[in-house]
Amino acid sequence: MKQYNHSEIEKKWQQEWASARAFETPDTVAGKENSYILFEFPYPSGNLHVGHWYAFALTDIYARFERLRGKNVLFPVGFDAFGLPAENAAIKHGLNPRTWTYQNMDSMRAQMRAMGCTFDWSREVVTCAPEYYKWTQSLFLTLFNAGLVQKKTTTVNWDPVDKTVLANEQVLADGTAERSGALVEQKEMDQWTVSITKYADRLIDDLEPLDWPEAIKDSQRNWIGRSEGAKLTFTLSGSYGSLQVFTTRPDTLYGVTYLVVAPEHELVSVALPALANKDAVEAYITAAKRKTERDRLIGEKEKTGVLLDGVTATHPLTGESLPIYTADYVLKGYGTGAIMAVPAHDERDAAFAEAFGLPVKKVIAPRLVDDRNPHVEGKEVVTRNAVIAVVRNPENDTYLTLHWPAQQWHTFVIGGVEGEEDSVAAALREITEETGYTDVRFVRKLVGPTRSEFFAAHKDVNRIGYFDIHLFELGSLEQKVVAEEEVKKQTYEWVPRSALTTAMTHTEMPFILESLDTGKEFFWSGEGILVNSGEHTGLSSAEAKQRITEAAGGELVSTYKLRDWIVSRQRYWGCPIPIINCPHCGPVAVPEDQLPVVLPEIDDYMPRDDGRSPLAKATEWMQVSCPSCGGNAERETDTLDTFVDSSWYYLRYADAKNEQVFADREKLNAWMPVNFYSGGAEHTTMHLLYARFFNKALFDLGLVPSAEPFTKRLNRGLILGTDGNKMSKSKGNVIDPDTEVARFGADTVRSYLAFIGPYNEPGNYPWDPNGIVGVRRFLERAAAIPEHVVVETPAHVRQLVHQSIKKVAEDAARFKFNTAIAQLMVLTSAICKDGIGKDDAQLVAVILSPFAPHLAEELWQQLGGISLVAHEPWPQYDASLLEQATVIIAVQVNGKVRGQVEASKDATEADVLHAALGQESIQKWVGDTDPKKVIYVPGKLLSIVV
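Rules and cut-offs
Just so you know, the residues in each chain are numbered from 1, in the order the chain's sequence is written. Under the rules for a predicted model, residues below a pLDDT of 70 receive no local features and side-chain atom pairs below 80 are neither given nor counted, while totals for whole chains, interfaces and linings still include all residues. Based on all heavy atoms of the structure, the side-chain values leave hydrogens and waters out of the count. Only DSSP runs of H or I reaching four residues or more are called helices, and only runs of E reaching two or more are called strands; each is numbered from the N terminus. Helix span is expected to be 1.5 Å times the residue number reduced by one. Relative accessibility under 20% of the residue-type maximum defines a buried residue, over 50% an exposed one, and the middle range a partly exposed one, all with a 1.4 Å probe and only protein chains included. Whether two residues are in contact is decided by their heavy atoms: any pair within 4.5 Å suffices. Note on pairing: two strands pair once DSSP finds at least 2 bridges between them. In this analysis an axis means a line fitted to C-alpha atoms, helices contributing only their contacting stretch, and an angle means the value between N-to-C directions, from 0 to 180 degrees. By nonpolar core we mean a set of buried residues, namely Ala, Val, Leu, Ile, Met, Phe, Trp, Tyr and Cys, connected to one another through side-chain atoms within 4.5 Å.

Concerning helix α25 (residues 817–834)
The end-to-end C-alpha separation of α25 is 26 Å, in line with the 26 Å expected for 18 residues at 1.5 Å each. Buried within α25 we find F817, N818, A820, I821, Q823, L824, M825, L827, T828, A830 and I831. The inward-facing, buried residues of α25 abut α2 (50–68), α22 (746–755), α23 (769–783), α24 (795–813), β37 (836–837) and α26 (838–848). Within two residues after α25, G835 carries a phi angle of roughly 90°, on the positive side.

So this is what it looks like as structure tokens:
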């Protein structure tokens, strides 16, 4: 075409596709495999932004590619249309939320059609339409009848501005609401909850076989937070009974020096009247209520708490009396709401113990194996308590080290602890015995105990040493004479700090160096070998966990960070919860034949101060008869969390118009599970987790064909403003896609977004005005292909065509759209330079079509194609044309690259030299003299020495 008029071309083909209903997808096509490609459906906010284009149009590239590869592709679209933003906007603008939402959907449909996407609009779902939320209500009742839904009193995040409950994910790190910015309050409320915790193990275990990036899997695992440990019971003083704790480390039981309960724990309220410090405890409880769970878990570093002065616990194995504190770093909903504190091996407990002056008992020694001096099979094993003395001379900051010539060791002063000797005394003795220094003072402990396994060659035994490691300072150079036998074994020297490295013989060196650098004793929170643990001393942590649990009368269990899903929302614009509250029968399900419970029209959408939904203002709608007893009852006035709407929408796409069931089983069998799902990283621990749970529950009830809904998942990246910051109206860096489409065309915007970075590697990509101009120029070259049609395609262009067929297919299959477009850029440049035959030009139109579909259709038509290019098969490449016939060879003169030549891959040294000397740019460096030496690396390098 002589002029690339994108507006005319794009309007023309959008009308053609619509009139031909080109992308409506049958459930089966003979000889074709079904492929279900999905993106997270949008919220109808009013206008599409560049992020929407990145989500929809690039997923459409893959959908088009799959269709060209012979798949029967379902690529549906819809709107996640309930929710708080619509309600707030309606209040702000004096509109009905329904009016605001439907106006926005109309605007967005027009914008979405302008993208050139292959959406199957016949399957559109809108979550605020009664014909959709009828089935949301039906599925909610299915879970209710299966015992997976209940109403219970729970602590919630309450937004005092929006006056509704928030999920944990909707509360920011500073304790404010993500949307309103208000300081979130903790509130006890009756809420409808879904028992997602019953599926916690399956939600973790079933991740393994999924074709998802590990980062997404890890996000879900971490959010669910499965911890395997033990429940242990501590007897309480007086008449308070007992206290059950959960711990992941029952092997550390002997290291417990105090217990901590959450401020909300039942023991606090029961014991409060009799506590000597009742007022202090009450004040602390009040302060804790002002904090969110997030604040309590990751808040201030200094731990706060208060002693329950009047109740103690008895250690189940030692009989020791232990104090009990209440502290807000313990949460009521995690485990049992009570912990056993082991400050020697848990950093939070250590910080608390330091703040309150509580004792620390070390009961786990790290197990260290000396790979340089491993145990020798058949040798005697000798276990002993030992010490390492790190001696520093403060006058010149040097350290005392020993060299053992026979063993090739480089150590600090090291030796055994004798009899009842403590480790500091043993260290001082060893310092004097081995080096003669007598004026040495103890500074602090560096590390210990550790358990080290090594072969002591000088004793010809395998050693297991339990080491304490101490720091000493030299007071003066005063020395005693060292025994001759010690002098023969080792020599000493003073070395600078830089000479102390992990290469020294001690396996503990990393711990020692860390302690020297931080000025604090090395803290060990890992597993190891038990010490100071009575009859269990010497066991490994793995062995001790079960044996100590059994000895203490406990139980091995798993616990989770995941909480049951609170689905009640105290706002108007949502799906009504289909429950009738009867004063005699309790919560009763609305009969199926009365669904949907239609959201009533009300005049006042403002939230109520009493925490009830605005639906409570619809008094006539509320008053109903109980379906069970026939008595007077009230409808539930809370609406459902919008994540319930989006937890099953992918199922409805399979059968969007069905009025009898949420989806026909045969149609679900045809399409589920979804083959590819594209979404935002922000939904990894909300929507994606909820949808997996919902699908699993329905699978267990025999309603869907697969336990997992999404076979493959990718999180897309983020398009930034031209300033490199996240797009924001307040920053003035928002890119309006409508403006860009008007200037450059939809195909250019699609192709630029595909070119901006790899779609399979989530990242942040700034919008580059120069970049989109460059992509527009590429498409202008592509538009000119018909003008460059010749009788026969030049050999090198035909080769490039077939290389492009292969590479673009491989890149598109891996979502590396950027490199696919780069290849197409190279191809179109070659065509415009040297021409192309008509048949090969048609192949180019096909492989261009996923990226620039309107232009490709126009090219296809101009080149004599019949029907639509979108329905053509992906071309087969000729493997014989893939191999390069020529190669580019670098030419050096006296070691510096001075040019390059293109030659046959089979060219001889003489051929390449002749070609090189024929180039003026190389000849000027060679001059008139014959080369002194020529080196040729076939196909790569020609080196000329003159």
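A few points about the sheet that holds strand β29 (residues 623–625)
Spatially, 4 strands are ordered β28-β27-β30-β29 in an open sheet, and the strand pairing comes out antiparallel. Single-partner strands in this sheet number two, and they are β28 (586–589) and β29. Taking the axes of each pair of neighbouring strands and ignoring which way they run, one obtains an average angle of 40° across the sheet. Relative to strand β30 (residues 632–635), β29 runs antiparallel, the two sharing 3 bridges. Its bridge partner lying in β30, S625 is registered against N632. Against the sheet, helix α5 (residues 130–145) touches β27 (579–582) and β28, its axis set at about 125° to β28.

Some points on the nonpolar core
Within the largest apolar cluster, 179 residues are counted, with the highest numbers of intra-cluster contacts made by W565, Y650, F817 and L855. Broken down by element, this core gets its largest block of residues, 12 residues, from α2. If you look at the next biggest cluster of nonpolar residues, it comprises 47 residues, including V268, I285, A338 and A552.

So, unusual backbone geometry
The bulk of non-glycine residues show a negative phi, and the bulk of peptide bonds are trans. The omega angle of the peptide bond from L595 to P596 is 5°, so this bond is cis rather than trans. Positionally, P596 belongs in the loop between β28 and α16 (619–622). The omega torsion across M672 and P673 is 0°, close enough to zero to call that bond cis. Residue position: P673 is located in the loop between α19 (665–671) and β32 (676–679). Positioned with a positive phi, R21 is a non-glycine residue whose angle comes to about 45°. Considering the arrangement of structural elements, one finds R21 in the loop between α1 (6–20) and β1 (34–39). Phi at D460 takes a positive value of approximately 60°, unusual for a residue other than glycine.

Taken by themselves, the reported measurements are silent on function.
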